[in-house]
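Structural characterization, general
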Amino acid sequence: MSADKRRPLTDVVCRLSDLEDGKAYGFDPFKRGRDTVFVVRRGNKVYAYVDICPHYGSTPLPWKKNAYLTGDAQHILCSAHGAIFDIETGVCVLGPCLGQSLSPVEIAISYEGDIRFFLGADDKLIGEPVVTN
Amino acid sequence: MKIIGPDELVFGVDSVEACAAFIADFGLKHRGEKDGSGFYEALDGTGLSVYRKDDPNLPPPLPTNSMLRKTIYGVEDQETLNQLKEELSKDRQVRVQSDGTVEAVDDMGFALGFRVTRRRKLNLLPERINSPGAAPQRGFNEIGANEDAEALPRTLSHVVYFVPDAAKMEAFYVERLGFTLMDRFTGGGPFLRPALNTDHHTLFLIQTPEYMKGLEHFAFHMQGPTELMLAGSRMVKKGYQSFWGPGRHKFGSNWFWYFNSPMGTHAEFDADMDVFDDKWEARELPMMTEHSQIFLLEHRAKWAPGG
Ligand code: FES
């Protein structure tokens, strides 16, 4: 039994065919009233990250629903202060959090194209920082 | 120096269309080209300009991903422009544009413009409240909670820069441009205002590493807290991303509500900022969340008690 099988998954958040190539989409798998995870589809690969910018550590990236990419769709953009991130690695390549990374979320795509997120042991998304006030 | 305040911020952006949609919903009126580029103004004629990032008329960008290309200050008269030209020519290149705008860069390389202000004098009602023990400000039969009320930015309030050397920048704005220090967050975080402005701040500097240099946010003054809440709620309803707020700041006392924007910076509605004259003595506090706000609320979808 692989380690992955022991980890809980969210419900199906979408299907691969719902995602247009080269576009990003936000999701609210825990019904928090705003998107907390986003995915970017490139060909048949889907990259998923927690919707929190490492610059301030607790703030969302887009300026409106699904607006996660630069105009040329080549990078992920934090529209709070313009940090741009590599889509495949999540590393900030220019801007206020240079060298820091978005937190990746592990995803599972079933044979039928159903997309789910893996959850960590505490039922939070893997990589989601614990925000204390 | 008879500087009034920031009259215009000029951006070079990825997508003019996205910015045009955002700024229109933010409440500024477009005065420009059909493709959405050009100037967007608040009620008093201050505002934002948006162009494609490769527009040849823009000053060069900062070496970060900041989309701010120029901050244009309104000054009282031609005499002030002459003084600025003379003062800044001492140690940097100064250009005078065909419309008389004096242009140079500040000590961190942010492009600046100065021109005789185009602000229009506003003659508008303030927000009026009824408070026990005081005469009612809103008359009988006048309703305060009007969902359909216009809530439009009245004037460009302030800008906030990330700067790698806040002390050097503060000295430039105070010694060369005649700004006054109003309050300070310890270790780089001066709130500054120019000579002819009584608002608590029109410029706030945040000390950061070189790679962050750029614009943290800009803000526009609303009539009062109610208009701020109305305008902010309408943004949320349209799907824009609230970043921080609504809440109320400590230094300046202004109510705030920040949104992410396609200009790669926060766009803030603010209201009811403190005003000061030259008798004010600056305060200082460590820069921490407790000191940046006296309270912070968070927007949530409509709710009503039921039974
Ligand atoms: S919060 Fe993302 S760049 Fe600043």
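Scroll up to find the structure.
Residues numbered from 1 in each chain as written. Chains lettered and ligands numbered in written order. Predicted model: local features only at pLDDT ≥ 70, side-chain atom pairs only at ≥ 80, totals over all residues. Heavy atoms only, no water.

1. Quick look at the overall build of chain B
Helix and strand counts for chain B come out as 5 helices and 18 strands. For chain B, the C-alpha radius of gyration of 20 Å lies close to 19 Å, the compact-globule estimate for 307 residues. Each principal axis of the C-alpha distribution contributes one length, and for chain B these read about 70 × 50 × 40 Å. Across the 307 residues of chain B, 53% fall into the buried class. Pairs at least 24 residues apart make up 68% of the contacts formed inside chain B by residues separated by at least 6 positions. Here chain B displays about 14300 Å² of accessible surface, and carbon together with sulfur accounts for 52% of that area. Averaging the positions of the 34 positive and the 44 negative side-chain charges in chain B gives two centres separated by 3 Å. (Helix = DSSP H or I, 4+ residues; strand = E, 2+ residues; numbered from the N terminus. Rg over C-alpha atoms; globule rule 2.2 N^0.38 Å. Buried < 20%, exposed > 50% of the residue type's maximum accessible area, 1.4 Å probe, protein only. Contact = heavy atoms within 4.5 Å. Areas by Shrake-Rupley, 256 points an atom, 1.4 Å probe, with all protein chains shown as cover. Lys, Arg positive; Asp, Glu negative; His and termini not counted. Charge placed at Lys NZ, Arg CZ, Asp CG, Glu CD.)

2. Concerning the overall build of chain A
The helix and strand inventory of chain A stands at 1 helix and 9 strands. Reading the helices (α) and strands (β) of chain A from amino to carboxyl end gives α-β-β-β-β-β-β-β-β-β. Counting contacts in chain A only where the partners sit at least 6 residues apart, residues at least 24 apart contribute 45% of the total.

3. Structural notes on the environment of Gly214(B)
Residue and element names in this part refer to chain B. Here Gly214 lies in strand β13 (residues 214-221). Put simply, Gly214 and Leu156 are 58 residues apart on the chain and 18 Å apart in space, counted from C-alpha to C-alpha. Those residues within four positions of Gly214 in sequence are excluded, and the remaining contacts are Leu62, Ser66, Phe110, Val160, Tyr161 and Phe162.

4. Re the layout of surface pockets
Residues and elements named next belong to chain B. Of the pockets and cavities examined, the second largest pocket occupies roughly 620 Å³. Taken together, 22 residues form the lining of the second largest pocket, with Asp44, Arg119, Thr155, Asp199 and His221 sitting closest to its centre. Within the lining of the second largest pocket, the residues separate by chemical class into 7 nonpolar, 8 polar and 7 charged. (1 Å grid on protein atoms, 1.4 Å probe; cavity = no way out; pocket = protein on both sides within 12 Å on 5 of 7 lines; lining within 4 Å. Points joined across faces, edges and corners; volume = space filled by probe spheres on them. Nonpolar A, V, L, I, M, F, W, Y, C, P; charged D, E, K, R; others polar.)

5. Points about helix α3 (residues 166-176) of chain B
Every buried residue of α3(B) is accounted for by Ala166(B), Met169(B), Glu170(B), Phe172(B), Tyr173(B) and Arg176(B). Phi turns positive one or two residues past the end of α3(B), at Gly178(B), with a value near 75 degrees.

6. With respect to empty space enclosed by the protein
Under the defined criterion, the tally for this structure stands at 2 cavities of 30 Å³ or more. Lining the largest cavity, in full, are His81(A), Gly95(A), Pro96(A), Thr64(B), Asn65(B), Ser66(B), Phe162(B), Tyr211(B), Met212(B), Lys213(B), Gly214(B) and Leu215(B). Approximately 40 Å³ is the volume attributed to the second largest cavity. What lines the second largest cavity is simply Cys53(A), His55(A), Tyr56(A), Thr59(A), Cys78(A), Ala80(A), His81(A) and Phe243(B). Split by residue class, the lining of the second largest cavity holds 5 nonpolar, 3 polar and no charged.

7. Here's the deal with the sheet that holds strand β15 (residues 255-259) of chain B
Residue and element names in this part refer to chain B. Read across the sheet, 10 strands follow the order β17-β10-β11-β12-β9-β13-β16-β15-β14-β18 without closing on themselves; strand pairing throughout is mixed. For this open sheet the edge positions go to β17 (283-285) and β18 (295-296), each flanked by a neighbour on one side alone. Alignment of β15 against strand β16 (residues 266-271), held across 5 bridges, turns out to be antiparallel. Its bridge partner lying in β16, Trp257 is registered against Phe269. (Pairing = 2+ DSSP bridges.)

8. A closer look at the pattern of salt bridges
All names here are of chain B. Enumeration according to the criterion identifies 29 salt bridges over all chains in this entry. A salt bridge links Arg119 to Asp7; the nearest nitrogen and oxygen atoms lie 2.6 Å apart. A residue pair is termed long-range when its members are at least 10 positions apart, and Arg119 in the loop between β8 (111-116) and β9 (155-163) and Asp7 in strand β1 (residues 3-13) qualify at 112 residues. Note that Arg92 is salt-bridged to Asp107, the shortest N-O span being 2.7 Å. Here Arg92 is found in the loop between α2 (78-89) and β6 (95-96), whereas its partner Asp107 is found in the loop between β7 (102-105) and β8, with 15 residues between them in sequence. (Salt bridge = Lys/Arg side-chain N within 4 Å of Asp/Glu carboxyl O.)

9. What about the interface of chain A and chain B?
Taken together, the contact between chain A and chain B spans 23 residues of the former and 22 residues of the latter. For the interface between chain A and chain B, the tally reads 0 salt bridges. Inspection of the region where chain A meets chain B yields 12 residue pairs in polar contact (both at pLDDT 80 or more). In terms of residue class, the side of chain A that touches chain B is built from 12 nonpolar, 8 polar and 3 charged. (Polar contact = N/O pair within 3.5 Å; in protein donor to acceptor, adjacent residues only side chain to side chain.)

10. Let's talk about the side chain of Glu103(B)
All names here are of chain B. Considering the arrangement of structural elements, one finds Glu103 in strand β7. With a relative accessible area of 6%, Glu103 lands in the buried category. Non-local contacts of Glu103, meaning those with residues more than four positions away in its chain, are made with Lys70, Gln93, Val94, Arg95, Gln97, Leu112 and Gly113.

11. Structural notes on the pairing of β8(B)
Residue and element names in this part refer to chain B. Counted residue by residue, β8 has 5 buried out of 6 residues, so it is predominantly covered. Note that strand β5 (residues 68-75) and β8 share 5 bridges and pair parallel. Bridge pairing links Thr71 to Leu112 in β8. Taken together, β7 and the strand that follows it, β8, pair antiparallel across an intervening segment of 5 residues, in which Gly109 is found at a positive phi of about 90 degrees.

12. Focus on unusual backbone geometry
Cis geometry is adopted by the peptide bond preceding Pro246(B), which originates at Gly245(B) and carries an omega value of 0 degrees. By secondary structure assignment, the location of Pro246(B) is in strand β14 (residues 242-248). Even without glycine at this site, Ala73(A) takes up a positive phi of about 60 degrees. Position of Ala73(A) among the secondary structure elements: in the loop between β4 (45-50) and β5 (75-77). Accessibility expressed as a relative area gives 26% for Ala73(A), which makes it partly exposed. At Asn141(B), a residue that is not glycine, the phi angle is positive and equals roughly 65 degrees. With respect to the helices and strands, the residue Asn141(B) is situated in the loop between β8 and β9. By relative accessible area, which is 80% here, Asn141(B) ends up exposed.

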